[in-house]
Structures are given as structure tokens and as C-alpha cells.
Amino acid sequence: MRERDDPEVIGRRVQRLRNQRGLTQRQLAEPAYTPAYISTLEAGRVRASDEALRHIADRLGVAFEELAVGRPAHLATDLRLRLTEAQRALADGRAEEAAAQYAVLRAEAEAHALEHEHAAALLGLGECALETGRLTTAREFFEQAEERLAGETLPVRVPALRGRAVAHYLAGELRYAVYLLETALDELNRGGLHDPDALLLLYASIIGPYMDMGAHARAAQAAEFALALAPQAGDPALIARMHRSVARTLLAEGRADEADASLAKAAELYRRLSLRTELANCHWMRGYVCAQNGELDRAEEELRQAHTMLSETRAALYRSQAAVELADVLHRRGKSGEAAELLEEVLGDFSSERGAVHAAGAHRLLGIIAEDARDTEAAEEHYVRALSLLERAGAAGDLADLCRLLGDLFRRTGRVEAALDAYRTGLGHRTAPGTTTLGPAPAQPPL
């Protein structure tokens, strides 16, 4: 609880409450105090003891806390209940409605110096901003939440730190996102702060950046740790998110059936939790698994469902990312015209600071479609744009593949030296995936 208000403020509050209840100073004072004492207190000329304030609060029928700091009784409990309602709205895909609720809760918590509730509201606002693709705004909210929680232990600060890392990841800043997550993991494990929920949240969140950077071995190890921690975690939403992330590493190891089973577990948890955006992301990842496994008809079905669900929840950035995956499947099924239309439609949702990896994926696919149509100039333009985006993001595996495509294009058009340069660049990115951008691995949990 914050320090009590100064005597003048408390005096005015006592006088207002006494008048509202129609009590005289004598009635408020007796039997323990005198009317003169109440008069002096109301004038702000005496600092009442806790014992005196408890007596007066009892006579006025209010809580001691309300009299001492002006905080209504049970306010913190009420705010926590309303925070849960806002979280449910966000989980149901009503991000704008949830953001409005969080904004009101933030203002109330700040007015009454409720630091934990204030931080929770800031976290919610950050998640809403992530959901709607406002990455800079999301990062600012997460930073403010971290500032509010500066005096807390690292496990308490992890959700805010993880949110900030995800904002950087979605903006294409893969290396910095990994740095934030690995630093927190190292501090937790070396410091003996083995909080299962905090560790699971960090390990599940770092799998995506690792995969996009080509650090498949670290992604697989993070997935192994996440699976081992899952039985100890108390948050089913975290477990569901973990299953969805782990599926990526299982797929990279060629274990498609296990990846699909992991996603099925996540989908069931999200159905029970009514987390529509996460459920949509699950359909998205299942579609990706099916596509990599050659089941293109099922992949298209899953990705269309994900795209529809994400459109309904107004999760703009995630919707656009799913659209790129859907377009790839459509192209592979001979529906290149529809794929190109979809890609052109969503490219405006991306930028070098927002969804850079998927923006590069869109340009890469448009380049392939242009090559199929024998439009070499357009294909080269798309490949070069994709290359620029991926170099900024540090997505090593995708860079190597793109350099191969660009080199093949140069070779077919007779530009042998340019082709050799592209191939050399690609080989440089393919050498020891991840080791050129990542330092020593973080300390491991005691599993």
C-alpha cells in the first residue's frame, strides 16, 4: 500500500464523509476521542494515528485504506476481475474492445497507485497492439510495464520482457529479439530462478526467431526444454503456445506426424480457452506442416481457415503473414493468379520495420510467379527487395535460398559474374547456420 495522504487531505476526506452521513463531530468522536480532536483533524492540524483512523473509519462505515489513501474498498480486487474480462475480450479476438478496457483500467490503477494492476493493464495494451500490428506502440507499452515492475524479481518481469522481444521479432529484428530472450533465460537459470511459467514462456517465444535465423539446433533444444517444462507449468495458454512453437522444430527434423500431433494438442487447449487468435495461428501452423509434407489440399484448407479467423479477429499482421503461407500453397497447386492477387493485397501491411521476414516471403513468391510468366525484370525486382528485407532481419536460411534463386536468374540471363556473386553470398549465409550471429548458448534449466 502507498504512503498515507497528508493530514490536510485526510482531514477534508473525514469531513466530507462525516457530512454525507449526517454525523456531528461528537458522534464521530465518541467514545474514544473528543469533538475538539475531530475538529483539529478535519482542519489538517494533526496527523492521526492508525488507531484513530481505524476508529473513525469504523464509525463512518468505510475501510481504513479508503480513509488513509482515498482508495475505495476492494478496488484492487475489482480491477483484477476487470483485467480478466479484458484478457478474455483479447483472447476472443476483440482487440480494440480489450484495448479500450485496458486503457480505463490503466488510468484507475495509476490514480490509486496500484502498481501491479497498472503493469498488468500496460501488458494488456501491449498485447492488443501486437494483435493489431502496431509494433512500435506495443514495444512502448511493454517498456512501460517493465519500468513499473523494475523492483520485482525477473520471473515477474518476464511477460513484459517477452512482449518487447516479440515486438522486435515481428519487426524483423531477429538478433535483438534473441538477445533479449537468451539474456533472460541465462539469468533465470544461472540465478536459480527456475520459475516454470517464466521459462516456458521464454523458450516457446525464442523458437520462432531461432528458426528464422537458421539456428535449428538451438530451436530444437529450446523445444526440448519447453516440452520438459510443460508438466510443471500452471498456465494452459502457455502450454498451448508451447505446443504450437515446438511443432516448427519437429517439422525441421522431419517429424511431421509429431508436429501435427503437437499442434492438435494446442488446438484443443485453445478451443477450451476460446483463444481465437491463437487457435487461428494453430490452423496456420498445421497448414504449414501439411504443405511441407506435400498434403497441399489439406494445407490449403487449414490456411484458409486461419486466414478467415484472423480476418475476423482483426489481427492484421498475423492475417497478412498467414496470407503469405496460403499464397505459397495456392501457387504450388497451380493457382498462381489467385496467389499473386493475395500477395499484392497484403504487401501494404508489411514494411522493413513490420513483418520483414514475411514481406520478404511475399516478394520471393511474387518473383517466382513472375519468372514462371517469363517476366524476368519483375522477378529480379522482387528478389532484390526480398534480399534487402532479409539482410536487415538476419534470416540466414531464407537469405541462402533467395541468393540461390537470384543466382539462377542471373545465370539464365547470361550474367555469370553476378550469378557467382549471388551464389557466394548464399553460401556464406548457409555456413554453420546461426553461429555467425549468436554467441554462447544460455545456461540450461535443471531438468
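A quick note: this is a predicted structure, and the numbers were derived from the prediction, not measured.

Caption draft 1: Main features of the overall build of the chain. Counting secondary structure elements, the chain contains 23 helices and zero strands. Here the chain, with 447 residues, has 53% of them falling under the buried criterion. When contacts within the chain are restricted to residue pairs at least 6 apart in sequence, long-range pairs at least 24 apart make up 62% of them. Only carbon and sulfur atoms are counted for the fraction: they give 48% of the accessible area of the chain, which is about 19,900 Å².

Caption draft 2: Spotlight on unusual backbone geometry. Residue Pro31 is bonded to the preceding Glu30 through a cis peptide linkage, with omega at 5°. With respect to the helices and strands, Pro31 occurs in the loop between helix 2 (25-29) and helix 3 (35-42). Phi is positive for Arg374, close to 60°, though the residue is something other than glycine. You can see Arg374 is positioned in the loop between helix 20 (356-372) and helix 21 (376-393).

Caption draft 3: Structural detail: the side chain of Asn189. Structurally, the position occupied by Asn189 is in helix 11 (residues 174-190). One polar contact links Asn189 to Tyr203, side chain to side chain, over a distance of 3.3 Å. Setting aside its immediate chain neighbours within four residues, Asn189 contacts His194, Leu199, Tyr203, Ala443, Gln444 and Pro445.

Caption draft 4: View of the packing of helix 17 (residues 296-312) against helix 18 (residues 316-332). Running from amino to carboxyl end, helix 17 crosses helix 18 at an angle of 155°, the nearest separation of the two axes being 9 Å. If you check the angle between helix 17 and helix 18, you find them roughly antiparallel. Where helix 17 crosses over helix 18, the handedness of that crossing is left-handed. Contacts from Leu296, Ala299, Glu300, Leu303, Arg304, His307, Leu310 and Ser311 of helix 17 reach helix 18 at Tyr318, Arg319, Ala322, Ala323, Glu325, Leu326, Val329, Leu330 and Arg332. Residue classes in the contact of helix 17 with helix 18 are distributed as ten nonpolar, two polar and five charged.

Caption draft 5: Layout of the nonpolar core. Ranked by size, the top nonpolar core spans 130 residues in total, and within it Leu130, Leu170, Leu202, Tyr203, Met242, Leu343 and Tyr383 carry the most contacts. Among the elements that take part in this core, helix 12 (residues 196-213) stands out by supplying twelve residues, more than any other. One finds Leu17, Ile38, Ala48 and Leu60 within the second-largest nonpolar core, a separate group that totals 18 residues.

Caption draft 6: Main features of the packing of helix 7 (residues 95-111) against helix 8 (residues 115-131). Viewed as axis vectors pointing N to C, helix 7 and helix 8 meet at an angle of 155°, and their least axial separation amounts to 8 Å. Taken together, the axes of helix 7 and helix 8 are roughly antiparallel relative to one another. For the element pair helix 7 and helix 8, the recorded crossing hand is left-handed. Side by side, helix 7 and helix 8 meet where Ala95, Ala98, Ala99, Tyr102, Ala103, Leu105, Arg106, Ala109 and Glu110 of the first sit next to Glu117, His118, Ala120, Ala121, Leu122, Gly124, Leu125, Cys128 and Glu131 of the second.

Caption draft 7: Fine view of helix 9 (residues 135-148). Helix length check: helix 9 (14 residues) gives 20 Å between terminal C-alpha atoms against 20 Å at 1.5 Å per residue, within 8%. Among all positions of helix 9, only Leu135, Ala138, Arg139, Phe141, Phe142, Ala145 and Glu146 are buried. Buried residues in helix 9, looked at end-on, bunch into an arc of 160°, giving them a common side. Here the buried face of helix 9 lies against helix 7, helix 8, helix 10 (154-170) and helix 18.

Caption draft 8: Representation of empty space enclosed by the protein. As enumerated under the stated definition, the model contains two cavities of 30 Å³ or more in all. Reported here for the largest cavity is a volume of approximately 80 Å³. Lining the largest cavity are eleven residues, and of these Tyr203, Tyr210, Gln221, Phe225 and Pro442 lie nearest its centre. Among the elements of the structure, helix 12 and helix 13 (216-229) are those that each provide at least two residues to the lining of the largest cavity. At four residues, the largest contribution of residues to the lining of the largest cavity is made by helix 13. Looking at the lining of the largest cavity residue by residue, the class counts come to nine nonpolar, one polar and one charged. The space that makes up the second largest cavity amounts to roughly 40 Å³. Considering the residues around the second largest cavity, the lining is formed by ten residues, among which Pro7, Ile10, Val46, Arg47 and Ala48 are closest to the centre. Looking at the lining of the second largest cavity element by element, the count peaks at three residues for helix 1 (residues 7-20). In terms of residue class, the lining of the second largest cavity is built from five nonpolar, one polar and four charged.

Caption draft 9: Representation of the packing of aromatic side chains within the structure. Per the stated rule, a full pass over the model turns up three aromatic pairs. Measuring from ring centre to ring centre gives 5.2 Å for Tyr33 and Tyr37, while their planes differ by 20°; the resulting arrangement is stacked. For the pair Tyr176 and Tyr179, a centre-to-centre distance of 5.8 Å together with 25° between the ring planes defines the contact as stacked. Taken together, the residues span about one helical turn, with Tyr176 and Tyr179 both in helix 11 at a distance of three residues.

Caption draft 10: Inspection of helix 14 (residues 236-252) at higher detail. Taking 1.5 Å per residue as the helical rise, helix 14 with its 17 residues ought to reach 24 Å, and the 25 Å between its terminal C-alpha atoms agrees with that figure. Burial analysis of helix 14 places 15 of its 17 residues in the buried class, the great majority of the element.

Caption draft 11: Geometry of the pattern of salt bridges. Scanning the entire structure with this criterion turns up 25 salt bridges. Note that Arg333 is salt-bridged to Glu300, the shortest N-O span being 2.6 Å. Of this pair, Arg333 sits in the loop between helix 18 and helix 19 (336-347) while Glu300 is found in helix 17, placing the two residues 33 residues apart along the sequence. Judged by its relative accessible area of 37%, Arg333 falls in the partly exposed class.

Caption draft 12: Expanded view of the environment of Arg385. Structurally, Arg385 is set in helix 21. Judged by its relative accessible area of 42%, Arg385 falls in the partly exposed class. Once the C-alpha coordinates of Arg385 and Ala360 are considered, the two residues, 25 residues apart in sequence, prove to be 7.1 Å apart.

Definitions and limits used
Residues numbered from 1 in each chain as written. Predicted model: local features only at pLDDT ≥ 70, side-chain atom pairs only at ≥ 80, totals over all residues. Heavy atoms only, no water. Helix = DSSP H or I, 4+ residues; strand = E, 2+ residues; numbered from the N terminus. Buried < 20%, exposed > 50% of the residue type's maximum accessible area, 1.4 Å probe, protein only. Contact = heavy atoms within 4.5 Å. Areas by Shrake-Rupley, 256 points an atom, 1.4 Å probe, with all protein chains shown as cover. Polar contact = N/O pair within 3.5 Å; in protein donor to acceptor, adjacent residues only side chain to side chain. Axes fitted to C-alpha atoms, helices over the stretch in contact; angles between N-to-C directions. Parallel < 35°, antiparallel > 145°, perpendicular 65-115°, else oblique. Left-handed = near helix turned anticlockwise from the far one by under 90°. Nonpolar A, V, L, I, M, F, W, Y, C, P; charged D, E, K, R; others polar. Core = buried A, V, L, I, M, F, W, Y, C linked by side-chain atoms within 4.5 Å. Expected span 1.5 Å × (residues − 1). Arc of directions from axis to C-beta. 1 Å grid on protein atoms, 1.4 Å probe; cavity = no way out; pocket = protein on both sides within 12 Å on 5 of 7 lines; lining within 4 Å. Points joined across faces, edges and corners; volume = space filled by probe spheres on them. Phe/Tyr/Trp six-rings, centres within 6.5 Å; stacked < 30°, edge-to-face > 60°. Salt bridge = Lys/Arg side-chain N within 4 Å of Asp/Glu carboxyl O.

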